[in-house]
Amino acid sequence: MLDVKQKEQVVAIPVGGQKIIGTLAGPTSVGAPLLILLHGFHGSRDELEIVGTSEGLFSRMARVLAEVGYATLRIDFRGSGDSDGAWEDNTFESQTEDAIAVVDWVRAQRNLSFSKLILVGWSQGGYIAGCAAIKRPDLDGIALLAPTVHPRKTFRHLVGEKVRTCAALVDPDHLVSAEFPWGTKIQIKARFFQDLPEVPPVLERSGFVSPMLVVAARHDRVIFPQPTSSEIWLRRHLGAKQLTVLETDHVFGVREGPDEFDHQLMPALLNWLVSSF
């Protein structure tokens, strides 16, 4: 059991005969809010390394949140990081299943006590957080950081005709190679591209009415144009909602250092948490 905010504990969460590995940090026995952190496409639970530090985007976020009394659970989706499964089996549906399994696991742990349960997703993880909220509308809130809006459109922009070509394949298990503009090369099953959603989930039909934060990065070149794209999420939600526009890029400037993360992203998230809960 964690009783010191700065300590971290690795946990294993069962789903579909496999295990999701996560890192639990911050206060877990004093009724603190818990934020479940969902990483982006081809990421992992510590997330993108912040230049000039020894931390990733999510590991630094977890530390900062712990220092002001929030608990976090950052996870590796199956096939990513230390979790079971093969990367090439990833789909939006499998990641949504993972997020829901994590929510249910947290609620089943009698030794954990949280006053609020909030999903925080970055990029594709933001889209997954929205999908999970539809399945678990009693979540206390969601924060979507530079979230994907139209997955099929985004991946068509990033990998070109791979999306259209894979849709025509008969075998969903056919292994496809793709390269992204920033140099990342992947192999993933055609099923991923075949099952790409067209639009964001319609939260207003699900019963989810808890607070939602959407953070748009004005200089985002992955999800764009901004903030117009991110505003679509707000139009699909009937509850309390907030759009915050930051003067940064899709990765919150971490390729240059921690300045934009520390002075733009974290204040935006913390201000929302304080004002909403």
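Starting afresh in each chain, residues are numbered from 1 along the sequence in its written order. Reporting in this predicted model follows two pLDDT cut-offs: at least 70 for local features of residues, and 80 or more for side-chain atom pairs to be given and counted; totals over whole chains, interfaces and linings ignore these cut-offs and use all residues. No hydrogens and no water enter the side-chain calculation; it runs on all heavy atoms of the structure.

Chemist: Could you clarify how one ought to interpret the layout of surface pockets in this entry?
Modeler: Picture a little ball the size of a water molecule; that probe, rolled over the atoms, points out where space is still empty. Site definitions follow a grid-based scheme: protein atoms alone, a 1 Å grid, a 1.4 Å probe that fits but cannot get out for cavities, and for pockets an open set with protein on both sides within 12 Å along at least five of seven lines, plus lining residues having an atom within 4 Å of a point. Grid points are joined across faces, edges and corners, and a volume is the space filled by probe spheres set on the points. Of the volumes computed, that of the largest pocket is approximately 570 Å³. Phe41, Trp182, His250, Val251 and Arg255 are the residues nearest the centre of the largest pocket, which is lined by 25 residues in total. By the criteria applied, helices consist of DSSP H or I runs no shorter than four residues and strands consist of E runs no shorter than two, each listed in order from the N terminus. Element by element, the count of residues in the lining of the largest pocket is highest for helix α4 (residues 151-159), at three residues. When residue character is reported, Ala, Val, Leu, Ile, Met, Phe, Trp, Tyr, Cys and Pro are called nonpolar, Asp, Glu, Lys and Arg charged, and the others, Gly included, polar. A breakdown of the residues in the lining of the largest pocket according to their chemical character gives ten nonpolar, eleven polar and four charged.

Chemist: What am I meant to see in the confidence of the model for the protein here?
Modeler: Detailed reading of the predicted coordinates is not advisable wherever pLDDT is low. For the protein, mean pLDDT is 94; residues scoring 70 or higher make up 98% of the total. Under a pLDDT of 50 for its full length, residues 1-5 has, in the predicted model, 20 contacts with residues more than four places off or in other chains. Confidence of the predictor at the level of single residues is given by pLDDT, which spans 0 to 100. Every residue pair with non-hydrogen atoms within 4.5 Å of one another is taken to be in contact.

Chemist: Would you explain the nonpolar core in this entry?
Modeler: General note: in soluble globular proteins, nonpolar side chains tend to be found buried as a group. Here the nonpolar core consists of buried residues drawn from Ala, Val, Leu, Ile, Met, Phe, Trp, Tyr and Cys, with membership extended through side-chain atoms lying within 4.5 Å. Note on classification: 1.4 Å probe, protein chains only; a residue is buried when its accessible area is under 20% of the maximum for its type, exposed when over 50%, partly exposed between these limits. One finds Leu34, Ile36, Leu73, Val106, Phe155, Phe193 and Trp233 to be the most contacted residues of the largest nonpolar core, which totals 59 residues. For this core, the element with the most residues is helix α2 (residues 92-108), which contributes eight residues. With residues near it in sequence (within four places) discarded, isoleucine 36 still touches Leu73, Val102, Val103, Val106, Leu117, Ile118, Leu119 and Val120. The next biggest cluster of nonpolar side chains, apart from the first, holds 29 residues, and it includes Leu57, Tyr70, Ala143 and Leu246.

Chemist: It is not clear to me how helix α7 (residues 228-235) should be interpreted in this structure. Could you clarify?
Modeler: Turning to α7, its buried residues number three or more, namely Ser229, Ser230, Ile232, Trp233 and Leu234. The elements touched by buried residues of α7 are α3 (124-135), β6 (141-145), β9 (212-217) and β10 (241-246).

Chemist: Even after reading the chapter, I still don't get the pairing of strand β2 (residues 18-25), so can you show me in this structure?
Modeler: Here is the key point about a regular strand: its side chains alternate between the two faces of the sheet. Most of β2 sits out of view: six of its eight residues are buried. For two strands to be treated as a pair, DSSP must find at least two bridges joining them. As defined by bridge partners, strand β1 (residues 8-15) adjoins β2 across eight bridges and the pair is classed as antiparallel. The residue bridging glutamate 8 from the neighbouring strand is alanine 25, located in β2. Bridging between β2 and strand β4 (residues 71-75) involves four bridges; their strand directions are antiparallel. Among the inter-strand pairings, threonine 23 is bridged to a residue of β4, identified as arginine 74.

Chemist: Would you take a moment to explain the sheet that holds β9 for this structure?
Modeler: Paired through their backbone hydrogen bonds, the strands of a sheet run either parallel or antiparallel. Read from one edge of the open sheet, eight strands run β1-β2-β4-β3-β5-β6-β9-β10, paired in mixed fashion. The open sheet has two free edges, formed respectively by β1 and β10, since each of these has just one partner strand. The sheet shows a mean angle of 20° between the axes of neighbouring strands, direction not considered. For every element, the axis is a line fit to its C-alpha atoms; helices are fit only across the contacting stretch, and the angle between N-to-C directions ranges from 0 to 180 degrees.

Chemist: Quick question: what am I supposed to make of the packing of aromatic side chains here?
Modeler: The geometry of an aromatic ring pair is captured by the separation of the ring centres together with the interplanar angle, meaning the angle of the planes. Aromatic pairs are defined between Phe, Tyr and Trp rings, using the six-membered ring for Trp, whenever the two ring centres lie within 6.5 Å; interplanar angles under 30 degrees are classed as stacked, those over 60 as edge-to-face, and all others as tilted. For the coordinates displayed, the defined rule picks out 14 aromatic pairs. Relative to tryptophan 87, the ring of phenylalanine 41 lies with its centre 5.3 Å away and its plane at 65°, an arrangement referred to as edge-to-face. One end of the pair, phenylalanine 41, is in the loop between β3 (32-38) and α1 (57-67); the other, tryptophan 87, is in the loop between β4 and α2, with 46 residues separating them in the sequence. Arranged with centres 6.4 Å apart and planes meeting at 75°, the rings of phenylalanine 155 and phenylalanine 180 form a pair that is edge-to-face. One end of the pair, phenylalanine 155, is in helix α4; the other, phenylalanine 180, is in the loop between β7 (175-179) and β8 (185-189), and 25 residues separate them in sequence. A relative accessible area of 3% places phenylalanine 180 in the buried class. Put simply, the rings of Phe41, Trp87, Phe92, Tyr127, Phe155, Phe180, Trp182, Phe192, Phe193 and Trp233 pair up and form one aromatic cluster.

Chemist: So what exactly am I meant to see when it comes to α1 here?
Modeler: Given 3.6 residues per helical turn, the α-helix brings residues three or four places apart onto the same face. Counting buried positions along α1 yields nine of eleven residues, so the element is predominantly enclosed. Buried residues of α1: Leu57, Phe58, Ser59, Arg60, Met61, Ala62, Val64, Leu65 and Ala66, and no others. As for α1, its buried residues are in contact with β2, β3, β4, β5 (114-122), β6 and α8 (259-276).

Chemist: Just to check I follow, could you spell out the packing of α1 against α8 for this structure?
Modeler: For any two helices packed against each other, the geometry comes down to the angle between their axes and how far apart the axes lie. One way to put it is that α1 packs onto α8 with a least axis distance of 12 Å and a crossing angle of 50°. On the basis of the axis angle, α1 is oblique to α8. When the axes of α1 and α8 are compared, the crossing they make is right-handed. Contact residues: Leu57, Arg60, Met61, Val64 and Leu65 in α1; Phe261, Asp262, Leu265, Met266, Leu269, Leu270 and Leu273 in α8. Its residues assigned to classes, the contact of α1 with α8 shows ten nonpolar, no polar and two charged. With respect to orientation, any angle under 35 degrees is reported as roughly parallel, any angle over 145 as roughly antiparallel, any angle of 65 to 115 as roughly perpendicular, and every other angle as oblique. Take the far helix as the reference: if the near one is turned anticlockwise from it by less than a right angle, the crossing is left-handed, and if turned clockwise, right-handed.

Chemist: Can you help me understand the packing of α2 against α3 in this one?
Modeler: The N-to-C vectors of α2 and α3 enclose an angle of 60°; their axes lie 9 Å apart at closest approach. Like other packed secondary-structure pairs, α2 and α3 cross with a definite hand, here right-handed. Judged by residue contacts, Phe92, Gln95, Thr96, Ala99 and Ile100 of α2 engage Gln124, Tyr127, Ile128, Cys131, Ala132 and Lys135 from α3. Classifying every residue of the contact of α2 with α3 gives seven nonpolar, three polar and one charged.

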